[in-house]
Structure formats: C-alpha cells, structure tokens
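Structural features, examined
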Amino acid sequence: MKTLDEFIVEKQAEYPHAKGALTGILSSIRLVAKIIHRDINRAGLTNNILGISGVENIQGETQMKLDIFAHETMKKALMAREEVAGFASEEEENFVVFDTERGRNAKYIILTDPLDGSSNIDVNVAVGTIFSIYRRISPIGTPVTLEDFMQPGNRQVAAGYVVYGSSTMLVYTTGNGVNGFTYDPSLGVFCLSHENIQIPHSGKYYSINEGQYLKFPQGVKKYIKYCQEEDKQTQRPYTSRYIGSLVSDFHRNMLKGGIYIYPQATTYPQGKLRLLYEGNPMAFIAEQAGGIASDGQQRILDIQPTALHQRTPLFIGSKEMVEKAQSFMRDYP
Ligand code: AHM
Ligand code: MG
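Residues numbered from 1 in each chain as written. Chains lettered and ligands numbered in written order. Predicted model: local features only at pLDDT ≥ 70, side-chain atom pairs only at ≥ 80, totals over all residues.

Let's talk about the overall build of the chain
Scanning the chain from terminus to terminus reveals 9 helices and 15 strands. Taking 333 residues into account, the globule formula puts the C-alpha radius of gyration at 20 Å, and the chain, at 19 Å, falls close to it. Along the longest, intermediate and shortest principal axes, the C-alpha atoms of the chain span 60 × 45 × 45 Å. When burial is assessed residue by residue, the chain has 48% of its 333 residues classed as buried. Partitioning the intrachain contacts of the chain with sequence separation of at least 6 by distance along the chain shows that 63% fall at a separation of at least 24. (Helix = DSSP H or I, 4+ residues; strand = E, 2+ residues; numbered from the N terminus. Rg over C-alpha atoms; globule rule 2.2 N^0.38 Å. Buried ≥ 20, exposed ≤ 12 C-beta atoms within 10 Å, placed from the backbone. Contact = placed C-beta atoms within 7 Å.)

Below, the structure is given as structure tokens:
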C-alpha cells in the first residue's frame, strides 16, 4: 500500500513540475479534503451543515452552508502555505491576494470550486471539490494580479478533484498522467488505489440534464438521439446516467467510459459550468487520462479566459464519444 505522501515524494524526483512547492500545496488540499469528508459524513447529524445559507454567490446561485464552509476551509488552508500567492473561488466575487511578504514571494495561484454539486448535499448524494494550480506570471515580490488568474487551461501545472462518494477519493495530475487515491478514514490517509488512470476510448454512458432538452442546440439534440438509437457495433443505445454533480458524473465516465455534456441552452446561454473552476481542471485531467474536453467547437484548454467567473459549454470524456458529439455540433449548427 502506497500513501499519497509516499507517492508524491517518489514522483518529486521524476517530474519537473512536482517540485517541493507543489507537494506543500497538495498537502493542504489533502487536509481540506479530510475536513470536508469528515463534515459531509456527519451532515445529517448537525444542522450547521445541511441546508441553504440564505446568501447568494456572485453567480446569483443560492449558497449552501457547506459551500461556504468548504470555501472558507480551502482559503484558510492555502493562506497558511508559503507557496501560494493568491486564490480564486467559485464562491467569491474577486480573487484573493495573499498580500503578505510570504504571499508576494510565492510562485503559485490556486483556483477552486470548493464544493461542486452542492445541491446534492441535503439528499446524501456524492459531491466534490475541484482545484487548479498555475504558476503566477506577475513578477515575484509583488501582489498577484488578475492576469495571473486569466491564464488559459493549457498553462495549468496541476489539477485535481476530490469525490466524496461511497468512498472519498482524491484524483490529480501534474501533467504526467492521472492517479487516484482512496481515503482510509480509519488510518486518516489517502492510499494509491487507481494508478495511471486511462479513460476508455468509448463507453456506454452519456450524462446530460435532459430536462432542458427543448432548449439545447440542434447538434446536442441530434447527438442525444444518436445515443438512444440501436446499433450493435457501437453498443447503442447508450445508458443515461446523470447525478447532477460534475465530479461524480465525470469520475464514473472516466473509469467506465462515457461522455458528460453541459451545453449552452437558453437558461444558460454560455452553459452553466465555469471555465476556470470546473472546465479547465476537469479538461486537464481528462486529457491526461487519454480523453478530451471541448466546448463543442474548440479545446477547453486553449480558451483564453476573459472573466473570472466566465462560463463555458462542456463536452468531456471518452475521446470517440466527444469527437462524435462535436461532429454533430458541426453538422447541425
Ligand atoms: P455548482 O458548482 O454550483 O454545484 O454547479 C455545478 C453543477 C455540476 O456539478 C452539475 O453537473 C451541474 O451543476 C448540474 O446542473 P443542473 O442541475 O442544471 O443539471
Ligand atoms: Mg461546481
């Protein structure tokens, strides 16, 4: 059994990106994962955790109590590290500058969706934490600026997620493949359980909120019909599976083969998911596992961000399936 710590130390020697600083940041994220795991597991027993907070976030969405708790926990954990110069979260309007001597001299910035799929918390369904790590581009010794956070996803040095499911798992990449670690609560450690994850080229799952079918673009409607048609060679009809928690839906599709789509629709003209907190980190992981991620037209990782809370349509998962969906988007504009 190899623990996450042992794995990181081993890889530090092999991978240029996995230097000591990254090790420190991953330690903080691991700690946050343990805290959120603990609190989610007791969620039904205390009324401090379940339910809405009565506040809306910058996107006008109702924040759950656990959204805020996860956000604050992540912020504190990262602030305590000397490697982090700033932080941005789906739950806070502006990016946060760690404007201390330590912060000004730090090299990395972190973007996070601290609690993804939070509408699932109250009903005991899996949620996740997503994170994305970049090297700052502003000069060391100065406070970080917006341009540090506006880098395209192809500049990420690491990204990952934690899925709080039937077991809690931390999955991450530093650009050299994807590895997954399952949490053993009795020992308090994450252990390597899924080494070098590869997404099957194709699969049988398609995940999309079909309740919005009538509002979808033509290409998506046609692709859904394609998924439902019978064809032995491609093992259709595919199976529809939608948890409503990107991390969980993606995780299943990554292990089993499948596609997750959150397209543009009239409710969300640019899609619902956020490029910086959800699209980019998940796209980096998908590509590192042999899958692809696009907005229906172009590679997610090549999109130049223009706003911190920018949204994007997302087509992500098994290579053949995403390519097929893209071809429908091209053919039925
Ligand atoms: P959140 O970050 O506010 O939880 O929103 C993102 C979530 C995704 O995890 C999930 O796939 C999607 O929203 C579900 O949205 P919908 O209910 O519209 O299908
Ligand atoms: Mg989210």
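Moving on from the model shown.
Regarding the site of ligand 1
Taken together, the neighbourhood of ligand 1 is formed by 11 residues, with D116, G117, N209, G244 and L246 sitting nearest. In terms of residue class, the shell around ligand 1 is made up of 1 nonpolar, 5 polar and 5 charged. Residue assignment places the shell around ligand 1 across two domains, with domain 1 (4-196) and domain 2 (205-331) each supplying three or more. (Near = placed C-beta within 6 Å. Nonpolar A, V, L, I, M, F, W, Y, C, P; charged D, E, K, R; others polar. Domains from an automatic or database assignment.)

Focus: the domain arrangement of the chain
One frequent convention defines the size of an interface as the accessible area lost when the parts assemble. The assigned domain composition of the chain is domain 1 (4-196) and domain 2 (205-331). A straight line from the C-alpha centre of domain 1 to that of domain 2 covers 23 Å. Elements supplying a minimum of two residues to the side of domain 1 that touches domain 2: strand 5 (108-116), strand 6 (127-135), strand 7 (156-164) and strand 8 (168-173). Each residue belonging to the side of domain 1 that touches domain 2 can be placed in one class, and the counts come to 17 nonpolar, 15 polar and 3 charged.

Considering the sheet that holds strand 10 (residues 189-194)
Adjacent strands of a sheet pair through backbone hydrogen bonds, lying either parallel or antiparallel. Taken in spatial order, the 8 strands line up as 4-3-5-6-7-8-9-10 in an open sheet, and their pairing is mixed. The sheet is open, and its two borders are formed by strand 4 (96-97) and strand 10, each paired with just one other strand. By the bridge criterion, 5 bridges tie strand 9 (residues 178-184) to strand 10 in an arrangement that is antiparallel. Bridge pairing in strand 10 places Y183 opposite F190. Each of strand 3 (84-89), strand 5, strand 6, strand 7, strand 8, strand 9 and strand 10 touches helix 2 (residues 20-41); the most contacted strand, strand 7, lies at about 15 degrees to it. (Pairing = 2+ DSSP bridges. Axes fitted to C-alpha atoms, helices over the stretch in contact; angles between N-to-C directions.)

A look at the packing of helix 2 against helix 3 (residues 65-79)
For the pair helix 2 and helix 3, the least separation of the axes is 9 Å and the interaxial angle reads 155 degrees. Looking at the two axes, helix 2 sits roughly antiparallel to helix 3. Considering only the axes of helix 2 and helix 3, their crossing is right-handed. Together, S28, L31, V32, I35, I36 and D39 of helix 2 and F69, A70, T73, M74, A77 and L78 of helix 3 make up the contact between the two elements. Grouping the constituent residues of the contact of helix 2 with helix 3 by class yields 9 nonpolar, 2 polar and 1 charged. (Parallel < 35°, antiparallel > 145°, perpendicular 65-115°, else oblique. Left-handed = near helix turned anticlockwise from the far one by under 90°.)

Details of the pairing of strand 5
Within strand 5, 9 of the 9 residues are buried, leaving the element largely enclosed by the surrounding structure. Pairing geometry for strand 3 and strand 5, over 5 bridges, is parallel. When the sheet's bridge partners are listed, A88 is paired in strand 5 with L111. Relative to strand 6, strand 5 runs antiparallel, the two being bridged by 7 bridges. When the bridges of strand 6 are listed, T112 appears paired with F131.

Description of the pairing of strand 8
Most of strand 8 is tucked away: 6 of the 6 residues are buried. In strand 8, alternate side chains face the same way, and those of T168, L170 and Y172 on one face and M169, V171 and T173 on the other are all buried. One ladder, built from 6 bridges, connects strand 7 with strand 8; its direction is antiparallel. Pairing of A159 across the sheet is with T173, part of strand 8.

Some points on the sheet that holds strand 13 (residues 258-262)
Strand order in the open sheet formed by 5 strands is 12-11-13-15-14, and the pairing between neighbours is mixed. The open sheet has two edge strands, strand 12 (239-240) and strand 14 (292-294), and neither has a second partner. Bridge count for strand 11 (residues 205-207) against strand 13 is 3 bridges, and the pairing is parallel. In the strand pairing of strand 13, Y205 is matched with G258.

With respect to helix 8 (residues 275-288)
For helix 8, the tally of buried residues reaches 14 of 14 residues, placing the bulk of the element in the interior. Immediately downstream of helix 8, the backbone of G290 shows phi near 95 degrees, a positive value.

Focus on the environment of S89
By the secondary structure assignment, S89 is in strand 3. On the basis of neighbour count, S89 is assigned to the buried category, with 28 C-beta atoms found within 10 Å. For the pair S89 and E72, spaced 17 residues apart in sequence, the C-alpha separation works out to 9.9 Å. Setting aside anything within four residues of it in sequence, one finds S89 in contact with H71, M74, T112 and P114.

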